[in-house]
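Residue-level structural notes
Listed below are the residues making up each chain.
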Amino acid sequence: MALFNFRSKTSAAPSAPGAQVESFLQGYSIEVMPRTAEKIEDFRTLLPVGTRVYIAHIDGTPIEDMVATAKRIGDEGYTVMPHFPARIIKDKATLQDWVARYKDVGVRQGLMLAGGVAQPVGDFSTSMQLLESGAFDGFERLHVAGHPEGNKDIDPDGSDHMVMEAARWKSAFAERTDAKMAMATQFCFDAGPVIQWVNRLQAEGVALPVHIGVAGPAKLQTLIKFAIACGVGPSLKVLQKRALDVTKLLLPYEPADFIAELAAHKAANPGFGIEQVHFFPLGGIKTNAEWVTAHGGAAGKPARAA
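Report on the accompanying structure. (Residues numbered from 1 in each chain as written. Predicted model: local features only at pLDDT ≥ 70, side-chain atom pairs only at ≥ 80, totals over all residues. Heavy atoms only, no water.)

Remarks on the packing of aromatic side chains
Note on aromatic pairs: each is described by the distance of the centres and the angle between the planes. Counted by the stated rule, this structure contains eleven aromatic pairs. Centre to centre, the rings of phenylalanine 84 and phenylalanine 136 are 5.0 Å apart; their planes meet at 85 degrees, and the pair counts as edge-to-face. You can see phenylalanine 84 sitting in strand S3 (residues 79-85) and its partner phenylalanine 136 sitting in the loop between helix H5 (127-132) and strand S5 (141-146), a full 52 residues away along the chain. Note on accessibility: phenylalanine 84 and phenylalanine 136 belong to one class, buried. Here arginine 176 stacks its cationic end above the ring of tryptophan 169, 5.1 Å away from the centre of that ring. (Phe/Tyr/Trp six-rings, centres within 6.5 Å; stacked < 30°, edge-to-face > 60°. Helix = DSSP H or I, 4+ residues; strand = E, 2+ residues; numbered from the N terminus. Buried < 20%, exposed > 50% of the residue type's maximum accessible area, 1.4 Å probe, protein only. Lys NZ or Arg CZ within 6 Å of the ring centre and 35° of its normal.)

Quick look at the structure:
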């Protein structure tokens, strides 16, 4: 598989809490859908130019809408990474068609995942099958999904046996090819289990850097709904506990404490496997981007429109 390879620069984590968070947020990414992207007149008013923008491919979204969104966001100066959900791709010919369409508009990155549908519509059911297909020759980056709190669709018994086995396979794939890879995770709300999971990956020999999923600011009810739908596990208790506090019930959730704890751990342990933050803007793209700007200093400062 012929893939371009490059390495991003990293800097030592500073010790001051505010500087720790700013460093931790440096190079963050964010996820959109075609319908949510349509609501943003110009991404350059919100996000630093060059930010990686994932485009979620929900079952039923026409590939034409995905490609048009990718072109528009790429033209505004952003690195675009569309989803490739295995279970909604009919066959290799369809996959190759999608890849060709994206290449035509300058896309060279993709997130491989199984997808949220129960039954595959065709030949693919796992991200590993997509990686092995050979369809992504010429792509610069191939990210895969991660599950810090497990995934009951993959491990119905509540263990993480199959999830961890898949993680080891994906790490080995990166080592035997020149694919630049990372693991973008589901969002979580409790830093403790995330730290344990990232350390466990390293102990298991999984060398993929982690891009930790973070739910952006949103109403508590909205987050609980998405968390249940997405299978968020133990850290859901953080939201449930907050819901019992009448003084916080009506206030929007913000990920400040979660990010600060992970940033402090990263500063104290520079080899810790989290490389970047990936935001799920469940309360809206504008709200999320403004929150990062307010809390990330230079890391979240919007670039001037070109």
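Okay, back to it.
Digging into the side chain of histidine 143
Along the chain, histidine 143 turns up in strand S5. A distance of 2.9 Å separates a polar atom in the side chain of histidine 143 from a polar atom in the side chain of tyrosine 54. A polar side-chain atom of histidine 143 sits 2.6 Å from a polar atom in the side chain of arginine 141. If sequence neighbours within four positions are ignored, histidine 143 has contacts with Arg52, Tyr54, Met81, Gly110, Leu111, Met112, Met181, Ala182 and His211. (Polar contact = N/O pair within 3.5 Å; in protein donor to acceptor, adjacent residues only side chain to side chain. Contact = heavy atoms within 4.5 Å.)

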